[in-house]
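What the coordinates show
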Amino acid sequence: MSKKTPIRRAAGVALAIVALAAGFGAATSVQAGPVVDKIKERGLIRVGVGSQPGFFSPDASGKWQGFFIDFGRALAVTVFNDPDKVEFTNTSPQQRLPALQAGQFDVLLSGVTETIVRSFKLNFNFGPVVFYDGQGILVKKSLGVSKASDLDGATIGVQSGTTGELNIADFFKKANKTYKPLVIEDTNTFSQALLSGRIDALTQDSSDLGLRRAAFPNPDDYVLMPERLSKEPLAPAIQWGDDLWLQIVNWTVYATIQAEEWGITSQNIDSFLTSDDPAIKRFLGVDTSLGESIGLDPKFAYNIIKKVGNYGEIFERNLGKSTKIGFDRGLNRLWTQGGLLYSPPFR
Ligand SMILES: N[C@@H](CCC(=O)N[C@@H](CS)C(=O)NCC(=O)O)C(=O)O
């Protein structure tokens, strides 16, 4: 009988854990952790979200809809092949980061900006950026200002717990101007403060401000200042400690981006099943070798695109020109079209 050294014993235990990893088939080289195990046990993914229609909001029948919601559904397809095995919970920006730290959510899909402090100090891992944003300032048109630095002495609403608090302070310091912050936690009170004239302006991610403005009774009475105060790369946030979960989050998002690059949509995907391109065959699981080697369902990418859509479809359906929100893709175009979206290879 061979005696195992502590290192070999530890390696054996690690391998056994990996092999157990939530039924993901063959042993993978990533470390399975508590999050995927709990998701499998529970039979659904718990997602923390916000409440701006376009990004995330329940429809008339109570079903959650929106850009970030669709990435939550895509995750549920990767794990369960069922876009409904996901539970969305709205909490304020201030409460959701501690809630993720406390393990109340498996992932935040709530417009969280990836920052170094959140990575090291809050111990978050971030998936791929799903929306490249920047902080903006929304003002009442009747104020007659055309740029943010004209707002000297203005009262500006800031949402607590957001990156906006520090960014706005930095901006006015740099511009050598003054402002009075009004820090508000509740998201409706935040909009209401501007609508009621209690404050002169709101500052938040410019996407958030665009969504709010679209929902105002008189959107044309409000104008977004041209400056962007910061970089706000919005990405799925998870806790440290589960490499497998991180990889699932990463490659779920990448599948939506890669499909768009190849022109594969929820509508035309079946016509690609007969493609001669070996890379497309692997991506769609016609050739099952890729899925088998990584321990995921070989059809996981096919299922995501078929059931949820590619990145472009997700963007257009929730935020694009055909919606009342009408966002331009901007930086959120594919790298092949002058944007920043880029998937690593599926091989
Ligand atoms: N990106 C900023 C702001 C986060 C944030 O406030 N996100 C918006 C959506 S982009 C939001 O939650 N708004 C309030 C809500 O929807 O309830 C951060 O990470 O601190």
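Calculation rules
- Residues numbered from 1 in each chain as written.
- Predicted model: local features only at pLDDT ≥ 70, side-chain atom pairs only at ≥ 80, totals over all residues.
- Heavy atoms only, no water.
- Salt bridge = Lys/Arg side-chain N within 4 Å of Asp/Glu carboxyl O.
- Helix = DSSP H or I, 4+ residues; strand = E, 2+ residues; numbered from the N terminus.
- Buried < 20%, exposed > 50% of the residue type's maximum accessible area, 1.4 Å probe, protein only.
- Phe/Tyr/Trp six-rings, centres within 6.5 Å; stacked < 30°, edge-to-face > 60°.
- Lys NZ or Arg CZ within 6 Å of the ring centre and 35° of its normal.
- Near = heavy atom within 4 Å.
- Polar contact = N/O pair within 3.5 Å; in protein donor to acceptor, adjacent residues only side chain to side chain.
- Nonpolar A, V, L, I, M, F, W, Y, C, P; charged D, E, K, R; others polar.
- Domains from an automatic or database assignment.
- Axes fitted to C-alpha atoms, helices over the stretch in contact; angles between N-to-C directions.
- Parallel < 35°, antiparallel > 145°, perpendicular 65-115°, else oblique.
- Contact = heavy atoms within 4.5 Å.
- Buried area = accessible area lost by both parts, 1.4 Å probe.
- Core = buried A, V, L, I, M, F, W, Y, C linked by side-chain atoms within 4.5 Å.
- pLDDT = per-residue confidence, 0-100.

**Quick word on the pattern of salt bridges**
- Under the criterion given, the structure shown has eleven salt bridges.
- The shortest N-O distance in the salt bridge between Glu260 and Arg329 comes to 2.9 Å. Taken together, the residues span a long stretch of sequence, with Glu260 in helix α9 (residues 243-262) and Arg329 in the segment after α13 (311-319) at a distance of 69 residues. Residue Glu260 shares its accessibility class with Arg329, and that shared class is buried.
- Sharing partners across several salt bridges, the network here consists of Arg42, Arg46 and Asp106.

**Notes on the packing of aromatic side chains**
- In the structure shown here, the tally under the stated rule is 23 aromatic pairs.
- On the basis of an interplanar angle of 85 degrees and a centroid distance of 4.8 Å, the ring pair of Phe55 and Phe68 is categorised as edge-to-face. Separated by 13 residues along the polypeptide, Phe55 in the loop between β1 (45-49) and β2 (57-58) and Phe68 in helix α3 (residues 67-80) bring together distant segments of the chain. Note on accessibility: Phe55 and Phe68 belong to one class, buried.
- Grouping aromatic residues by their ring pairs yields a cluster made of Phe55, Phe56, Phe67, Phe68, Phe71, Phe131, Tyr311, Phe315 and Phe327.
- Residue placement shows Lys299 over the ring face of Tyr302; its charged tip is 4.5 Å from the ring centre.
- The aromatic ring of Phe315 is capped on one face by Arg329, whose charged end is 5.4 Å from the ring centroid.

**With respect to the site of the ligand**
- Not every one of the 22 residues close to the ligand is listed here, only the nearest: Ser51, Thr113, Arg118, Gln204 and Asp205.
- One of the side-chain N or O atoms of Gln52 is found 3.3 Å from an oxygen atom in the ligand.
- Here a nitrogen atom of the ligand and a side-chain polar atom of Asp205 are 2.6 Å apart.
- Elements represented by at least two residues in the shell around the ligand include exactly α4 (93-101), β11 (201-205), α8 (206-215) and β13 (232-234).
- Class assignment for the residues of the shell around the ligand results in five nonpolar, eleven polar and six charged.
- In this structure, the shell around the ligand is formed jointly by two domains, domain 1 (7-131 + 234-337) and domain 2 (135-230), each of which donates at least three residues.

**Side note on the packing of helix α2 (residues 34-42) against α9**
- Axis separation between α2 and α9 bottoms out at 6 Å; the angle between their running directions is 75 degrees. Classed by the angle they form, the pair α2 and α9 counts as roughly perpendicular. Within the contact between the two elements, α2 uses Val35, Val36 and Ile39 and α9 uses Leu244, Trp245 and Ile248.
- Grouping the constituent residues of the contact of α2 with α9 by class yields six nonpolar, no polar and no charged.

**Some remarks on the domain arrangement of the protein chain**
- According to the domain assignment, the protein chain contains domain 1 (7-131 + 234-337) and domain 2 (135-230).
- The straight-line distance from the C-alpha centre of domain 1 to that of domain 2 is 31 Å.
- Of the residues lining the interface, 20 residues belong to domain 1; the matching set on domain 2 comes to 15 residues.
- Interface area, domain 1 with domain 2, both sides summed: about 1300 Å², of which 58% is carbon and sulfur.
- Summed over the three residues of domain 1 that lose the most area to domain 2, namely Gln52, Pro93 and Gln94, the buried surface amounts to 39% of that side.
- The interface formed by domain 1 and domain 2 contains zero salt bridges.
- Applying the counting criterion to the domain 1 and domain 2 interface returns five residue pairs in polar contact (both at pLDDT 80 or more).
- When residues of the side of domain 1 that touches domain 2 are assigned to their parent elements, the largest contribution, four residues, is made by α4.

**Observations concerning the nonpolar core**
- By size, the foremost hydrophobic cluster in this structure holds 62 residues, and its most contacted members are Ile45, Phe67, Trp245, Ile264 and Leu319.
- If sequence neighbours within four positions are ignored, Ile45 has contacts with Ile39, Leu75, Ala76, Val79, Phe80, Lys85, Val86, Glu87, Asp106, Val107 and Trp245.
- Ala154, Ile156, Val158 and Phe171 belong to the second largest nonpolar core, which has 15 residues in total.

**Observations regarding the confidence of the model for the protein chain**
- Mean pLDDT over the protein chain: 91, with 91% of residues reaching 70 or higher.
- For the stretch residues 1-23, pLDDT sits under 50, and the model shows 13 contacts to residues farther than four places along the chain or on other chains.
- For the stretch residues 25-29, pLDDT sits under 50, and the model shows nine contacts to residues farther than four places along the chain or on other chains.

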